[in-house]
Structure formats: structure tokens, C-alpha cells
Amino acid sequence: MIFSKHTDIIKDNARKLGFDFCGISKAQVLNEDARRLEQWLNKGMHGNMQYMENYFDLRIDPTKLVPGAKSVITLLLNYFPSDKQNEENPKIAKYAYGNDYHEVIREKLKQLIQSIKENIGEVNGRGFVDSAPVLERSWAQKSGLGWIGKNGNLINKQSGSFFFIATLITDLELTYDNEYTKDYCGTCTKCIDACPTDAILPDHVIDGSKCISYFTIELKDALIPDSMKGKFDNWMFGCDICQDVCPWNRFSKPTNKIAFKPLPEILQFSKNDWEELSEESFKKIFAHSPIKRSKWSGIKRNLQFIKNYS
Ligand code: B12
Ligand code: SF4
Ligand code: SF4
């Protein structure tokens with residue numbers, strides 16, 4: 001069968017490029033997700049992440065984003081680091097220890113599309129990671145790669161949740177994986193209990209506008225509100241609390257990707273080092289790090305906040 005042969009070629013190439021998991025789903029409108037997304041936006045849970053209001057129709061329908069789309073290929077890439085930050089230092093989310101995943105994954109997606117063209121033929125395909133209007137966690141679940149936990153993250157039963165998600169949407173018809181219908185959170189509420197800002201609500205809803213990750217990365221040119229004083233637990237960039245406490249992350253294995261090897265400064269910089277860091281050095285050291293998203297001024301603001309109110 002030609003579909004399954006093409007599917008095997010793609011999954012094989014994804015593995016060769018270093019992706020840890022690959023699942024495929026039929027490109028179709030996400031009706032239930034559309035309802036959830038609409039409610040989330042109506043309640044203002046995106047805070048000032050205005051980009052989440054854009055392209056609603058494309059976000060819920062991959063055939064509008066990539067005309068003629070037949071399949072959504074979802075890829076997971078493990079970023080769990082082997083090294084730990086010094087405990088006293090301002091905390092940084094693990095996804096930001098190494099090189100910027102946008103750059104790393106974009107290159108891999110380009111190579112995957114190239115390999116499809118070489119081995120299968122001229123197809124229309126576009127790769128996305130993070131910044132496009134694609135509901136990545138939903139596609140991962142639809143492609144059988146795991147369930148969406150109470151903490152909102154996609155959890156893979158074998159490997160936990162410290163994965164990036166990328167998608168490749170193509171007009172190629174393929175063999176589809178079964179949707180992941182199980183949910184292994186059970187009666188556990190560790191993430192809900194541990195979230196210091198009460199951003200985790202019932203029914204897998206995350207109030208983005210209350211998340212430390214939002215305040216420390218997405219909130220541009222604004223002060224962190226007083227209501228958050230004393231709640232950041234020394235997190236300076238992003239937050240991993242709801243994943244660190246998750247029992248399924250006991251199975252996380254360190255990534256073997258050199259690109260995600262932690263920058264020494266990330267592991268070692270003390271509060272003092274961050275305070276003394278000039279804008280020029282920041283730009284040089286973190287030129288290829290996800291941390292540059294907050295800019296030097298954002299990092300300084302976050303640092304001041306945790307210093308004054310931790
Ligand atoms: C906006 C955004 C944020 C915002 C808002 C968070 C949020 N929950 O939406 C902020 C800045 C707070 C944030 C934080 C983080 N993020 Co973020 N974020 C995104 C982004 C760009 C869009 C997410 C989105 O569409 N939100 C809208 C809401 C409504 O969607 P949702 O929460 O995904 O929920 C949908 C599904 O889960 C589904 N769903 C959930 N339960 C159920 C149940 C049923 C029955 C059904 C049908 C559907 C369903 O319904 C929703 C609508 O489709 C994605 C990239 C992307 N393009 O998808 C990354 C992404 C979700 N983030 C990611 C990461 C790593 C993080 C952080 C861990 C980073 C950190 N360490 O600081 C935290 C985790 C916070 C958390 N607990 O969710 C990863 C997640 C990887 C994973 N394993 O799941 C993504 C996929 C980026 C990537 N490409 O790897 N993020
Ligand atoms: S990342 Fe931190 S602040 Fe955001 S939901 Fe998880 S525990 Fe709460
Ligand atoms: S901490 Fe517990 S409830 Fe939260 S996502 Fe993990 S298993 Fe699910």
C-alpha cells in the first residue's frame with residue numbers, strides 16, 4: 001500500500017534526524033478545540049499575548065493554513081538536560097538551557113521536507129514549531145503521542161513531558177495513528193497543588209495570564225503586577241514547577257542533542273553575575289539562546305522582582 005510505504009519513509013527519516021517520536025493525524029478541523037480556544041480567549045487567559053487572537057480560523061483548521069493539506073505530522077524532540085543549575089541561582093526553565101529550539105528544529109524540519117521530496121516526490125509541505133497558528137499539543141494527542149495532562153502539557157507515557165513539539169503539514173495522504181484516548185493523570189493533583197500562582201484550573205485549562213512563564217517571558221515592557229509578589233519562587237525565566245512535580249517525569253532521560261547542551265552561564269550565573277551582566281555581554285552570550293526573547297531589560301526586570309519579593 002503506497003500510503004503506508006510513504007509513512008514508513010517519513011517516520012524513518014524523522015528518526016534519523018533525531019526526533020524522538022513521530023505520529024500522524026488526518027488534517028481536519030478541530031471542533032472541540034475550537035470551542036476550548038474560544039472560551040480561553042473570551043476569558044482573557046492569553047493576557048497581552050495578542051498573537052493568540054490572530055488567525056483563529058487557521059489555528060483550528062490546518063487545511064486553511066496549508067491549502068490542500070491531508071496530513072499533520074507531529075514530531076517530539078526531548079530537551080531534558082543532564083545538568084542541573086546551581087540551586088541558589090535564579091531559576092531558568094529547562095527548555096532554555098541550550099540553543100534556541102526554534103533554530104534547531106526549523107533546520108530539522110527543512111531537512112525532513114527535503115528528504116520527503118527526494119524519496120517520495122514533489123509534495124507541498126510546511127514545517128512549524130511554536131510560533132505558527134497551530135494547536136501543537138492537540139495534534140500530538142490526536143497523533144497518538146500522549147495525553148494532555150492536568151498541567152496542560154503533552155505527556156508521553158514512556159518519557160514524560162520535557163519535549164518540544166513540531167508539526168509538518170502536508171498535502172500527502174498517509175497512514176494515520178490512532179488518537180490517544182487514555183489519560184494517566186488519574187486522581188493525581190500534584191501540579192495543581194504546586195503551582196504558586198494558581199494558573200492551573202479544572203478541565204485541563206491553563207490561565208496563561210497567571211503563569212510565571214507568561215510574566216517572565218511574554219509580558220513585554222510592563223511591570224509584573226503586585227498580586228504576584230512573593231509567588232515566583234526564584235524563577236527568572238519560565239517555570240518548570242508543574243512538570244518537575246509530575247510523576248511521569250520520573251522517566252525523563254537526558255537529551256543526547258549537542259545543540260541543547262546547557263550554556264555554562266545558565267548553570268553557573270549567580271544573582272550577582274546576572275545583576276552585573278551588561279547588555280552587550282548579554283547579547284553576545286545569549287545570541288542563540290531562547291533567553292534572548294525576554295531581552296536584557298526583561299531579564300533585569302525579572303531579577304529585580306524575584307530579588308525584592310522572593
Ligand atoms: C501560548 C503558549 C504559552 C502561554 C500560554 C500557555 C497555554 N497553556 O496556552 C504561556 C506563555 C503561559 C506558556 C507557557 C509554557 N509553555 Co507554552 N506555548 C504556547 C503556544 C505558543 C500556544 C498554546 C496555545 O495554543 N494555547 C491556547 C490554549 C487554549 O491551548 P492549550 O493550552 O494548548 O489547550 C489546547 C489543548 O490542550 C486542548 N485540550 C486540552 N485538554 C483537552 C481535553 C479535550 C477533551 C480536548 C478535546 C482538548 C483538550 O484544548 C486546547 C485548545 O485546543 C504553544 C505552541 C503552539 N503553537 O501550540 C507553546 C507550547 C504549548 N508551550 C510549551 C512549553 C514547553 C511551555 C512551558 C513548559 C515553558 C516553561 N517551562 O516555562 C510553559 C508551561 C505552562 C503550562 N502549564 O501550560 C510547549 C509544550 C510542550 C509539551 N510537552 O506540551 C509548546 C507546544 C511549544 C513547543 N513547540 O514545544 N506557553
Ligand atoms: S509553569 Fe509554573 S506558573 Fe505556569 S502553570 Fe506551571 S507551575 Fe504554574
Ligand atoms: S502532576 Fe499529576 S495531575 Fe499533573 S499532569 Fe502530572 S500526573 Fe497529571
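Model, not experiment: these values are computed from the prediction. (Residues numbered from 1 in each chain as written. Chains lettered and ligands numbered in written order. Predicted model: local features only at pLDDT ≥ 70, side-chain atom pairs only at ≥ 80, totals over all residues. Heavy atoms only, no water.)

Caption draft 1: Spotlight on the packing of aromatic side chains. Taken as a whole and judged by the stated rule, the model has 21 aromatic pairs. A ring pair is formed by Trp-147 and Trp-248, whose centres lie 5.3 Å apart and whose planes are at 85°; its orientation type is edge-to-face. Of the two residues, Trp-147 sits in strand 5 (residues 147-148) while Trp-248 sits in the loop between helix 9 (241-244) and helix 10 (264-268), which places them 101 residues apart along the sequence. Accessibility classification places Trp-147 together with Trp-248 in one group, the buried group. A centroid spacing of 6.2 Å and a plane angle of 40° characterise the contact between Trp-248 and Phe-251, whose relative ring orientation is tilted. Taken together, the ring pairs in this structure connect Tyr-79, Phe-80, Tyr-95, Tyr-101, Phe-162, Phe-164, Phe-237 and Phe-260 into an aromatic cluster. Just above the ring of Tyr-184 sits the side chain of Lys-157; from NZ or CZ to the centre is 4.2 Å. (Phe/Tyr/Trp six-rings, centres within 6.5 Å; stacked < 30°, edge-to-face > 60°. Helix = DSSP H or I, 4+ residues; strand = E, 2+ residues; numbered from the N terminus. Buried < 20%, exposed > 50% of the residue type's maximum accessible area, 1.4 Å probe, protein only. Lys NZ or Arg CZ within 6 Å of the ring centre and 35° of its normal.)

Caption draft 2: Quick peek at the site of ligand 2. Close to ligand 2 lie Cys-195, Thr-197, Ala-199, Ile-200, Cys-211, Ile-212, Cys-239, Ile-241 and Cys-242. For the shell around ligand 2, the class distribution of residues is eight nonpolar, one polar and no charged. (Near = heavy atom within 4 Å. Nonpolar A, V, L, I, M, F, W, Y, C, P; charged D, E, K, R; others polar.)

Caption draft 3: Quick look at helix 13 (residues 295-309). Between the first and last C-alpha of helix 13 there are 21 Å, a value that for 15 residues agrees with the 21 Å anticipated at 1.5 Å per step. Looking only at helix 13, the buried set comprises Gly-298, Ile-299, Arg-301, Asn-302, Leu-303, Phe-305 and Ile-306. Each element contacted by the buried residues of helix 13 is listed here: helix 8 (212-218), strand 10 (235-237), helix 11 (271-276) and helix 12 (279-285). (Expected span 1.5 Å × (residues − 1). Contact = heavy atoms within 4.5 Å.)

Caption draft 4: Inspection of the nonpolar core at higher detail. If you look at the biggest cluster of nonpolar residues, it comprises 78 residues, and the most contacted ones within it are Ile-92, Tyr-95, Ile-105, Trp-274 and Ile-291. Filtering out sequence-adjacent residues up to four positions away, Ile-92 remains in contact with Gln-85, Tyr-97, Trp-235, Met-236, Phe-237, Ile-266, Trp-274 and Ile-291. (Core = buried A, V, L, I, M, F, W, Y, C linked by side-chain atoms within 4.5 Å.)

Caption draft 5: How the structure looks around unusual backbone geometry. One non-glycine residue, Asp-198, adopts positive backbone phi at about 55°. Along the chain, Asp-198 falls in the loop between helix 7 (190-194) and strand 8 (200-201). Positive phi outside glycine occurs at Asp-233, with the angle close to 50°. Among the structural elements, Asp-233 can be located in the loop between helix 8 and strand 10.

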